[in-house]
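A look at the structure
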Amino acid sequence: MSAAPSKNYREYASYWSIVWEQFQKNRTAYASLWAIGLLFAIATFAPVFASKIPFYWRDESGLSFPWFRGLLFNRNVFDGAVDLFFNQLLVASPAALVTWLWLRRRARTMEVRHYARLERRVLLTWAAAFLIVFVVISQGMEPRTALLDYRARSWREGAEGFLFPPLRISYEDTLHGVAGTGVRNLLGIDNAGRDIFVRLIFGTRVSLSVGVIAVSIYIAIGTVLGAVAGYFGGKADLAIQRLVEVFLCFPSFFLILAIIGFLPQPSLIAVMVIIGLVGWTGPARLVRGEFLRLKGVDFVAAARACGFSDGRVIFRHILPNAVGPVLVNATFGVASAVLVESSLAFLGIGDPTLPSWGRILAYGRSTGDTPMMLIAGMAIFVTVSVFNLAGEGLRDALDPKLRK
Amino acid sequence: MTQYVIKRLLLMVPTFLMITVLLFVMINVVPGRPGGAAEAGGGSQNAQQSANAREGYRLFKEQYYLDKPILLNFRFLLDRQDVEAELETIARNMAIGQLGEQAALEVGRTAAEILTQLTNTEYYALEAQLAAPELTPEAEARLRVEQQNAGFDRVDPIRPPRPAPGRIRDAENRIEDWGDEVVPQLLEVAHDYVHVVPVDAAAPWTDGHGASASALGISPGATTAQIDGVTWRVDSVLTAKVRYLAVQRLTVNARRRVILRDGERGSAEEQATNREIVSENNRLASWSYGLDADAASIAETLALWDAWYADNQGRFTRSAGRNAATCLFETRFARYLTNLFIHQDLGISIRYRRPVWEVIAVHWRYSIFLSVASLLLSYFIAVPLGILAAVRQNQLADRGVGLVLFIFYSLPTFFAASMLTRYLTASSDIEWLQWFPVSGFASLDATEATTWDRLLDIGWHMVLPLACLTYGSLAVLSRYARTGLLDVIRSDYIRTARAKGLSEWVVILKHAVRNGMIPILTLLGTTLPVLIGGSIIIEYIFVIDGIGRLMWTAINFRDYNVIMGVLLLSSVLTLLGILLSDISYALVDPRISFD
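Residues numbered from 1 in each chain as written. Chains lettered and ligands numbered in written order. Predicted model: local features only at pLDDT ≥ 70, side-chain atom pairs only at ≥ 80, totals over all residues.

**Here we look at the overall build of chain B**
- Helix and strand counts for chain B come out as 25 helices and four strands.
- The C-alpha radius of gyration computed for chain B amounts to 38 Å, which surpasses the reference 25 Å derived for 595 residues by more than 25%, pointing to a less compact arrangement than a globule.
- Considered along the principal axes of its C-alpha atoms, chain B spans approximately 125 × 80 × 50 Å.
- Among the 595 residues that make up chain B, the fraction classed as buried is 27%.
- Counted over contacts in chain B with a minimum sequence separation of 6, partners at least 24 positions apart contribute 72%. (Helix = DSSP H or I, 4+ residues; strand = E, 2+ residues; numbered from the N terminus. Rg over C-alpha atoms; globule rule 2.2 N^0.38 Å. Buried ≥ 20, exposed ≤ 12 C-beta atoms within 10 Å, placed from the backbone. Contact = placed C-beta atoms within 7 Å.)

Following this line, the structure appears as structure tokens:
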């Protein structure tokens, strides 16, 4: 639970609030957490900076707002599930901000325990609503619709008023589409005539979504298997241990590459899923260890004595206490998933139109364009670094020996 | 200790079995068929070329056992009807024009034309008016509109329906994959298949069905049949086509598998057997007849087949035991396991046309060199750095080392490698920075140089790849070394050593380091897979023909046996590596005992 400024709060200082305080004391880690936030903000607000569609448009047929409509309901603007997801975040962000401010105000007047429940409910409602809208739009959308070429029209006489984002360009645009329409290229263009800067900021979406979703998949698998192995022991443990051993034996990048190489058209989603399916052994071992440790502790015995079901003991009593190391693992995992994705893109696997940093780097390498290589490489480096730094900070914050 | 090692080795057996099964499932479940490229190769060429491509693909499937079912083989249950159904599908697709069908179709077409004229009398009447010489433009326009309103219904000539292309391809593949398991059925079909149609059938092309002439109690050449007192007509065209196809299939399906595969030498005896099989196969290939052959030559060909079948009956007689064996062992999975465990054979590389063992052995040495050198290098650099950081804990040196290694840790390998090749090799723009060769393991003309020169040359080539392969692992290793030493440095025996008046260096290097480095040994087992797998990008960028590049090309080429071989081998090595690091752990630290 996040720090709710309340008088009662001090008295109820929970485990996580102590961890949070420790984390804040580590300046580098705290700064990298902000940097991660900034990266997510860039990913979310990318269309505000760069889009070939104007915010508003007025001509003889009247006033329209193509950008706002296009974010969710036009495949020309969002180009895949990942873009749609971030666009939806963008649309939802003002409402989320309002909700958050409201929650902060409530926190001042409410008792901590009630506030925690309220916060949990609000969070769950938000997540559910977000997911439902996402599924409805992504499944219910018809394929691409023809779109007015606003950029070309803005130079003709019909347009009476319009406002474009600062960069009138989308990450797929090639030189032929944009010549002579008042487009500026901040960092130049690549060999296919696409704007590097725009691809770079949209690349944030690709990297972050692969990192977060792949890691979520393998944390989920690993947690469940590790919990089962650690809690039940015996044959389940033996079988899961052997399975872990089997997966540990494969060089994971080989395995990922082999599976993805077999797919005829590996999409970004496939990359996420396969990284998720291969990487679960780490968290599984961690969770198993934690469960073995916690199984014999009094509070678990008490929970069992109360007659709670195994599922309840696992998920409500042991798991919350085992989550720390898993969280650290996940943070480092995001960094390595970003690396794996960009390595795959660097090798040329996957959708060639995707604005992936690894692919930008590969383009730069093949054309000898050093600035392009540097920019893309630094983007990967910074992203990987901030996640690693945050992971280290979290690990130190969780370690009771290092408490200041 | 011995007991522990044996126990661990025994535990490796189920793990290894699981690995093999997992790999098999992975290869067979993922979309895209092995050798799909080879099949696609036989595209739009002329008939002879596409027949050659087809035969090539069949041999390919046979060699890699891709014609067998994956897990269980129930093909001994196939009966005549199954074979007939597939042959009929193919027969319905055969070119029309032989066997007097052309004339029938001509009649049908003329009839359709006449019917079209009769149903569109109004249209044709207007057409005649339009043909009149003196017609004003307005009148013509009016007539055209009228004609359009009258409409036009074309009556299509009736043609036999063709099966969908997918169905035909499936039928061809299926009957090809069945191989010699359907030879008796094919022979029966070739002898006495008849296609009977009810005399008054509304749809003569779909109402009929195939049957055995002897079961109907008619001679194979009869033109009518009586079934339950109803007269049926024998569709002579389809009958002839199916029988013809059955013989055609026999010439392919009756062939025996060659025992020596591509790239295999074999003993003299095996070579002799192989030659015998090939010559018999070639003989069988010529025992067919054309679609327009007369009865005498057909009978002659069938007599050849009958004699051959009588000689080779042993191959085709079935018993319960044999069926069970077929069901379990004539499968891809069984073949894969027997090859692996009994023949220690990983199969043949589709790309190199050589046994996978050889291919891997050729490429392996480069990767082993890189991995071992990088492992040694990283330990040599990381351990002293870790010791330094521990001795100067929280001082400038510690933080500096930590920072630099952290940057290395987060720096993507491919980025660093690309930048290094861009600036420090012959491709650099700056002339005095062109220190290193761009790529390769050694210079191409290195064979003529002396041994020393060659070593130097290889070393020169390996500087950048080794640097790129090593720098990433330094952070983890040195951190382990640092914490390992810090754990030890506070213990009593170190204080004792200092109290004895030993110099700080002796205390650290002789007393502390020995115990403090134990944790770093455990890392040996886990770095191994990283080293094996991690070199793919390095080898890709620096064009070194190691395992990583082999894997990369194999994936692009769908060379399944090589992929399986590499994954199997590296997993076994990793298993052994983990075991070794556990044993060395016990050897180094007397406190640890596995007994």
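**As for the sheet that holds strand S4 (residues 230-234) of chain B**
Residues and elements named next belong to chain B.
- Read across the open sheet, the four strands follow the order S2-S1-S4-S3; overall the sheet is antiparallel. Of all the strands in the sheet, the pair left with one neighbour each is strand S2 (209-212) and strand S3 (224-227). Geometrically, the sheet is characterised by an average inter-axis angle of 45 degrees between neighbouring strands, direction not taken into account.
- Examined bridge by bridge, strand S1 (residues 193-198) and S4 share three bridges and lie antiparallel to one another. (Pairing = 2+ DSSP bridges. Axes fitted to C-alpha atoms, helices over the stretch in contact; angles between N-to-C directions.)

**Observations concerning the sheet that holds strand S3 (residues 161-163) of chain A**
Residues and elements named next belong to chain A.
- Taken in spatial order, the three strands line up as S2-S1-S3 in an open sheet, and their pairing is antiparallel. One side of each edge strand has no neighbouring strand; the edge strands of this open sheet are strand S2 (62-64) and S3. Within the sheet, the average angular offset between the axes of one strand and its neighbour, ignoring direction, is 15 degrees.
- Here strand S1 (residues 56-59) runs beside S2; their pairing, made up of three bridges, is antiparallel. By the bridge assignment, aspartate 59 is partnered in S2 with glycine 62.

**Comments concerning the interface of chain A and chain B**
- Each partner contributes to the interface: chain A provides 31 residues, whereas chain B provides 34 residues.
- Going through the elements one at a time, helix H10 (234-249), helix H11 (252-262), helix H15 (310-346), helix H16 (357-367) and helix H17 (370-398) of chain A are the ones with two or more residues in the side of chain A that touches chain B.

**A short note on helix H24 (residues 547-557) of chain B**
- Those residues of H24(B) not exposed but buried are Ile547(B), Gly548(B), Arg549(B), Leu550(B), Met551(B), Ala554(B) and Ile555(B).
- Arg558(B) sits one or two residues past H24(B) and shows a positive phi near 55 degrees.

**Quick notes on unusual backbone geometry**
All names here are of chain B.
- Here the phi dihedral of asparagine 394 falls at roughly 60 degrees; this positive angle occurs in a residue that is not glycine.
- Here asparagine 394 shows up in the loop between helix H17 (356-391) and helix H18 (396-410).
- The class for asparagine 394 is exposed, based on 9 C-beta atoms found within 10 Å.
- The backbone phi angle of valine 543 is positive, close to 50 degrees, even though this residue is not glycine.
- In this structure, valine 543 sits in the loop between helix H23 (518-542) and H24.

**Let's talk about the environment of Phe315(A)**
- Here Phe315(A) lies in helix H15.
- Distance in space between the C-alpha atoms of Phe315(A) and Ser138(A) is 32 Å, their sequence separation being 177 residues.

**Structural notes on the packing of helix H4 (residues 80-92) of chain B against helix H8 (residues 165-178) of chain B**
All names here are of chain B.
- At a minimum axis separation of 9 Å, H4 and H8 run at an interaxial angle of 135 degrees. Comparing their axes, H8 and H4 come out oblique. Along this stretch, H4 crosses H8, giving a crossing that reads as left-handed. Counted together, Glu86, Thr89 and Ile90 of H4 and Arg167, Ile168, Ala171, Glu172, Arg174 and Ile175 of H8 form the full contact between these two elements.
- Among the residues forming the contact of H4 with H8, the class breakdown is four nonpolar, one polar and four charged. (Parallel < 35°, antiparallel > 145°, perpendicular 65-115°, else oblique. Left-handed = near helix turned anticlockwise from the far one by under 90°. Nonpolar A, V, L, I, M, F, W, Y, C, P; charged D, E, K, R; others polar.)

**Quick word on the pairing of S4(B)**
Residues and elements named next belong to chain B.
- Here S3 runs beside S4; their pairing, made up of four bridges, is antiparallel. Across the sheet, the residue bridging to glutamine 226 is threonine 231, located in S4.
- In this antiparallel pair of consecutive strands, S3 and S4, the connection spans two residues, and aspartate 228 shows a positive phi of 50 degrees.

**Here's the deal with the nonpolar core**
- Grouped together as the largest cluster of nonpolar side chains are 158 residues, with contacts concentrated most on Ile256(A), Ala376(A) and Ile563(B).
- A total of 19 residues in this core trace back to one element, the largest contributor, which is helix H9 (residues 196-232) of chain A.
- Apart from residues no more than four positions distant in its own chain, Ala376(A) is found in contact with Leu200(A), Trp357(A), Ile360(A), Leu361(A) and Gly364(A).
- One finds Trp178(B), Ala211(B), Val242(B) and Val247(B) within the second-largest nonpolar core, a separate group that totals 27 residues. (Core = buried A, V, L, I, M, F, W, Y, C linked by C-beta atoms within 7 Å.)

**Points about the environment of Ala107(A)**
- Of note, Ala107(A) is situated in helix H5 (residues 81-109).
- Residue Ala107(A) is classed as partly exposed on the basis of its 19 C-beta neighbours within 10 Å.

**Concerning the confidence of the model for chain B**
- Across chain B, pLDDT averages 82, with 91% of residues at or above 70.
- Segment residues 36-45 of chain B is flagged for pLDDT under 50; beyond a separation of four residues in sequence, or across chains, it makes eleven contacts in the model. (pLDDT = per-residue confidence, 0-100.)

**Re helix H16 (residues 332-341) of chain B**
Residues and elements named next belong to chain B.
- The complete set of buried residues in H16 reads Arg332, Phe333 and Tyr336. An end-on view of H16 places all buried positions within 100 degrees of arc, on one side of the element. Exposed side chains of H16 directed beyond 90 degrees from the buried face belong to Thr338 and Phe341.
- Those residues of H16 that are buried are in contact with helix H1 (2-29). (Arc of directions from axis to C-beta.)

**Looking at the packing of H5(A) against H9(A)**
All names here are of chain A.
- Contact geometry for H5 and H9: axes closest at 10 Å, N-to-C directions at 95 degrees. When the interaxial angle is binned, H5 and H9 end up roughly perpendicular. The residues of H9 that touch H5, namely those facing Val82, Asp83, Phe85 and Phe86, are Arg205, Val206 and Ser209.
- For the contact of H5 with H9, a count of residues per class yields four nonpolar, one polar and two charged.

**With respect to the environment of Val234(B)**
All names here are of chain B.
- By secondary structure assignment, the location of valine 234 is in strand S4.
- For the pair valine 234 and valine 199, spaced 35 residues apart in sequence, the C-alpha to C-alpha distance is 9.0 Å.
- In this structure, valine 234 is in contact with Val194, His195, Val196, Ala222, Thr223, Thr224, Ala225 and Thr239, ignoring residues within four places of it in sequence.

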